[in-house]
Amino acid sequence: MSAQYPDRRIVAVKPIPVPAPDRGVDLQVKVTAPLTGRNLPVIVFSHGNAWSMDGYEPLVDRWAAAGFVVVQPTHLDSRRNGIGWDDPRFATVWRVRISDLHAVLDGLGGILAQAPGLEDRADLGRVAAVGHSWGAQTVGTLLGARVLDADGVPGADFTHPAVAAGVLIAATGTGDSLTPFAVEHLPFMRPDYSTMTTPALVVAGGRDRSQLSTRGPEWFTDAYRLGPSPKSLLTIDEGEHTLGGLAGEKVAETTDEDPARVALVADAVSAYLLDALGLDASEWAAFGKAAAADGAGWHVTGK
């Protein structure tokens, strides 16, 4: 885990343009990586609603220190683009998000070539996708989840073959309990996880209550409960939606600020992906043992 490398230097390069025709707004990404090391696995990260490639440094920097190359696109719903709930473009943003991740994955070699020396140090055969909140639903589609229409019919398959494993942090649950606001403005928030076959870790907060669903914190475990194996679930008892402040320090959305909780999430993701990508199973095994200790405050289950 990155806690083993407290002084490991990292570097970030931005903005890197990614070809995305007919998007309306240029697609740009940020790449963060360790200054040293070879055969580095890659994480493509999808941010939550309104954020950008400049957010989530507490997560991204820790992953880079642990030996990952992290690529962060700025999605169309970023607040810097000014596309709000009532913008007519908002209804299709969820599809643009998916297209963004496909464009990044399809052009990964060219993206890393724009970060000097990194193209030859990254292992493009070991790629994972990670997302938080809306980003988690977006990533879920790359793993095999589909979006149900109003009649419950599954939509298109957006699975990407380059993604060997995924992590869904505070992922949207099923659409049967959406509030009236969510039904009106977020009709795409109806994921079907029954086809999400790619190995994945689901991270949920025990105190995460969404204003978009009438259900409680268990709504955020649907991806694990309904997704076919292999899946793992990390539940953090006191965690709320930002799980201590994943998007950054002192941000307005954080209601449960706790840097130690953010480090816990970051290190759990690193440990899981090292195992899922076939690099090192020991850290994830150790994490599971630590979770089983009395008073740990988090729990790991698997299937």
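The structure we're discussing is the one just above.
Presented here is an overview of the structure given in this document.

Reading guide: rules and limits
- For every chain, the first residue of the written sequence is number 1, and numbering continues from 1 onward in sequence order.
- Per-residue local features are limited, in this predicted model, to residues with pLDDT of at least 70; the limit for side-chain atom pairs, both in listing and counting, is 80 or more; totals at the level of whole chains, interfaces and linings are taken over all residues.
- Calculation of side-chain values draws on the structure's entire complement of heavy atoms; hydrogens and water are dropped beforehand.
- Only DSSP runs of H or I reaching four residues or more are called helices, and only runs of E reaching two or more are called strands; each is numbered from the N terminus.
- The cut-offs for exposure are 20% and 50% of the maximum accessible area for each residue type, with area from a 1.4 Å probe on protein chains only; residues under the lower value are buried, those over the upper are exposed, and the others partly exposed.
- Residue contacts are defined here by distance: any two heavy atoms, one from each residue, within 4.5 Å place the two residues in contact.
- Between N or O atoms, a polar contact is any pair within 3.5 Å; within protein, one atom must be a potential hydrogen donor and the other a potential acceptor, and residues adjacent in sequence are included only when both atoms are from side chains.
- Salt bridges are defined by distance alone: a side-chain nitrogen of Lys or Arg within 4 Å of a carboxyl oxygen of Asp or Glu.
- For Phe, Tyr and Trp, where Trp contributes only its six-membered ring, two rings pair if their centres lie within 6.5 Å, and the inter-plane angle classes them as stacked under 30 degrees, edge-to-face over 60, or tilted in between.
- Throughout this description, the term charge over a ring refers to an Arg CZ or Lys NZ atom that lies within 6 Å of the ring centre and within 35 degrees of the ring normal.

1. Describing the environment of threonine 174
Moving on, step 1. For threonine 174, the position within the fold is in the loop between strand S7 (163-169) and helix H5 (180-185).
Moving on, step 2. Of the residues examined, threonine 174 reaches a relative accessible area of 13% and is grouped as buried.
Moving on, step 3. Separated by 125 residues in sequence, threonine 174 and histidine 299 have C-alpha atoms that sit 22 Å apart.
Moving on, step 4. Those residues in contact with threonine 174 that lie beyond four places of it in its chain are Pro191, Arg215, Trp219, Asp222 and Leu226.
Moving on, step 5. Side-chain polar atoms of threonine 174 contact the side chain of arginine 215, separated by 3.4 Å.

2. Section: the pattern of salt bridges
Moving on, step 1. The tally for this structure, following the rule as stated, stands at 16 salt bridges.
Moving on, step 2. For the salt bridge of aspartate 100 with arginine 23, the shortest nitrogen-to-oxygen distance reads 2.8 Å. Pair noted here: aspartate 100 is in helix H2 (residues 93-106) and arginine 23 is in the loop between strand S1 (10-18) and strand S2 (27-34), with a separation of 77 residues, a long-range link. Of the two residues, aspartate 100 and arginine 23, neither departs from the other in class, the shared state being buried.
Moving on, step 3. Aspartate 77 is the partner of arginine 97 in a salt bridge, and the nearest nitrogen-oxygen pair spans 2.8 Å. One end of the pair, arginine 97, is in helix H2; the other, aspartate 77, is in the loop between strand S4 (69-73) and H2, and 20 residues separate them in sequence.

3. Quick look at the side chain of threonine 198
Moving on, step 1. Checked against the element boundaries, threonine 198 lands in the loop between strand S8 (191-192) and strand S9 (200-205).
Moving on, step 2. At 3.1 Å, the side chain of threonine 198 and the backbone oxygen of leucine 143 are in polar contact.
Moving on, step 3. Contact partners of threonine 198, with chain neighbours within four places excluded, come to Leu143, Val163, Ala164, Ala165, Pro230 and Lys231.

4. Quick look at the packing of aromatic side chains
Moving on, step 1. Counted by the stated rule, this structure contains 11 aromatic pairs.
Moving on, step 2. With centroids separated by 5.2 Å and ring planes inclined at 10 degrees, the aromatic side chains of tryptophan 134 and phenylalanine 188 adopt a geometry described as stacked. Highlighted residues: tryptophan 134 in helix H4 (residues 134-143) and phenylalanine 188 in the loop between H5 and S8, separated in sequence by 54 residues.
Moving on, step 3. Of the residues examined, tryptophan 134 reaches a relative accessible area of 6% and is grouped as buried.
Moving on, step 4. Over the aromatic face of tryptophan 51 sits the side chain of arginine 79, whose NZ or CZ is 5.3 Å from the ring centroid.
Moving on, step 5. Sitting over the ring of tyrosine 224, lysine 303 keeps its end group 5.0 Å from the ring centre.

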